[in-house]
Amino acid sequence: SNALDREVQDVYYVTVLARDKGSPPMSCDATVTIYIDDINDHSPRFTQKVYATKISESVAKGEAVARVVAVDNDVGFNAKLTFSLAESNRQHFYIVSDDFMNDTGVGVVSVGGILDREAVPSHRLHILAIDEGTPRLTGTGTLIINLLDVNDNAPTLANQHIPIILYENQFPNRPVSEVSAHDRDTLTNGPPFEFWV
Ligand SMILES: [Ca+2]
Ligand SMILES: [Ca+2]
Ligand SMILES: [Ca+2]
Ligand SMILES: [Ca+2]
C-alpha cells in the first residue's frame, strides 16, 4: 500500500468485475483507466549547483552572458519555471526565461549595469528558479562571473610634480631620478611602465 506517486506512474488500468447474486451468477468486466493528478511535490533544481563564466569587463548593457538550466519533475504549472536574481545582484545583471519546453526552464543572464573589474573583479549571482504550483516551490543555483581586464585606466604618476635637477656635465641616458607610477588594471595592462621626458 505505497502512496501514489505520479512521477513514478501516472496512469493505472484496473479491471472491474461486476457479478450478480443469481444462480448461476452472471458477470461482466470492464477496464477502468485511472489518471493520477499531479501535486506540486518537487522543487525546481538546477542542472549544475554552480555555474561559472568569464566575460570582459567592457561587455555592454543588455548583452547575454550566461545560460542556466533548471528542471522540475512535476508537470504543467507545477513545473513551469521562472527565474529571479537576488536583490543584491540586480544592480549589474538581470535574468529572463528563455523558451520553456519539456519541464525544463532556461534562464538567460544579461548585463544590466556598468561593469568594472577594478571595482568588483568577480560577481557571485544567487539565482532562484520558481515553479507556478500552489504553493510555489523554489530551487537555488549559483553563477560566478569573473571579469577579464580591459585596459581602461591610464597609469597615474605617484607625484605629478617631480623636480629633476640635471647638471650640465652629466652623461645623457643615465638614470636621473626615481619616478613611480600606478595603474588600476592588471599586470598586462599596467606595469612595467616606460617613462618619457
Ligand atoms: Ca508531483
Ligand atoms: Ca514543482
Ligand atoms: Ca592601464
Ligand atoms: Ca581594467
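Residues numbered from 1 in each chain as written. Chains lettered and ligands numbered in written order. Predicted model: local features only at pLDDT ≥ 70, side-chain atom pairs only at ≥ 80, totals over all residues.

Looking only at helices and strands, the protein has zero helices and twelve strands in total. Listing the helices and strands of the protein from first to last along the sequence gives β-β-β-β-β-β-β-β-β-β-β-β. Its C-alpha atoms give the protein a radius of gyration of 33 Å, more than 25% over the compact-globule value 16 Å for 197 residues. Summarising its shape, the C-alpha atoms of the protein cover approximately 135 × 25 × 25 Å along the three principal directions. With 197 residues in all, the protein has 15% of them scored as buried. When contacts within the protein are restricted to residue pairs at least 6 apart in sequence, those whose partners lie at least 24 apart make up 62%. (Helix = DSSP H or I, 4+ residues; strand = E, 2+ residues; numbered from the N terminus. Rg over C-alpha atoms; globule rule 2.2 N^0.38 Å. Buried ≥ 20, exposed ≤ 12 C-beta atoms within 10 Å, placed from the backbone. Contact = placed C-beta atoms within 7 Å.)

Looking now at the UniProt feature "domain: Cadherin" (unreviewed entry) in the protein. Taking the numbering used here, the UniProt-annotated feature "domain: Cadherin" (unreviewed entry) corresponds to residues 4–46 and 47–157. Counted over residues 4–46, helix gives 0% and strand 47%. Its end C-alpha atoms are 26 Å apart. (UniProt positions renumbered as here; feature names shortened; annotations may be inferred.)

A few words now on the nonpolar core. Formed by 16 residues in total, the largest nonpolar core has its most connected members in Val 68, Val 109, Leu 125, Ile 127, Ala 129 and Leu 143. For this core, the secondary-structure elements that each account for two or more residues are strand 5 (64–71), strand 6 (82–85), strand 7 (93–97), strand 9 (122–130) and strand 10 (138–148). In contact with Leu 143, not counting residues within four places along its chain, are Tyr 51, Ala 66, Val 68, Val 109, Leu 125 and Ile 127. (Core = buried A, V, L, I, M, F, W, Y, C linked by C-beta atoms within 7 Å.)

Our focus in this paragraph is the environment of Glu 87. By the secondary structure assignment, Glu 87 is in the loop between strand 6 and strand 7. A sequence separation of 19 residues divides Glu 87 from Val 68, and the C-alpha atoms of the two residues are 18 Å apart.

Time to look at the sheet that holds strand 7. Here we have four strands laid out as an open sheet, ordered 3-5-8-7, and antiparallel in their pairing. Looking at which strands have only one partner, the edges of the open sheet turn out to be strand 3 (45–46) and strand 7. Two strands pair when backbone bridges link them, and strand 5 and strand 8 (residues 104–111) are joined in this way by seven bridges, in the antiparallel orientation. Across the sheet, the residue bridging to Arg 67 is Val 108, located in strand 8. (Pairing = 2+ DSSP bridges.)

Before going further, it helps to spend a moment on the pairing of strand 10. Bridge analysis of strand 4 (residues 50–56) against strand 10 gives seven bridges, and the strand direction is parallel. Residue pairing for strand 10: Ser 56 is matched across the bridge by Leu 148. Relative to strand 10, strand 9 runs antiparallel, the two being bridged by nine bridges. Bridge pairing links His 123 to Ile 145 in strand 10.

The next point concerns the pairing of strand 5. In terms of strand pairing, strand 3 meets strand 5 through two bridges, oriented antiparallel. Counterpart to Arg 45 in the pairing with strand 5 is Val 71.

Within the open sheet, the four strands sit side by side as 4-10-9-6. Their pairing is mixed. At either margin of the open sheet sits one strand with a lone partner, and together these are strand 4 and strand 6. Taken over all neighbouring pairs, the strand axes of this sheet differ in orientation by 30 degrees on average, direction set aside. (Axes fitted to C-alpha atoms, helices over the stretch in contact; angles between N-to-C directions.)

Right, let's talk about the domain arrangement of the protein for a bit. As far as domains go, the protein holds domain 1 (45–148) and domain 2 (153–197). Taking the mean C-alpha position of each, domain 1 and domain 2 sit 46 Å from one another. (Domains from an automatic or database assignment.)

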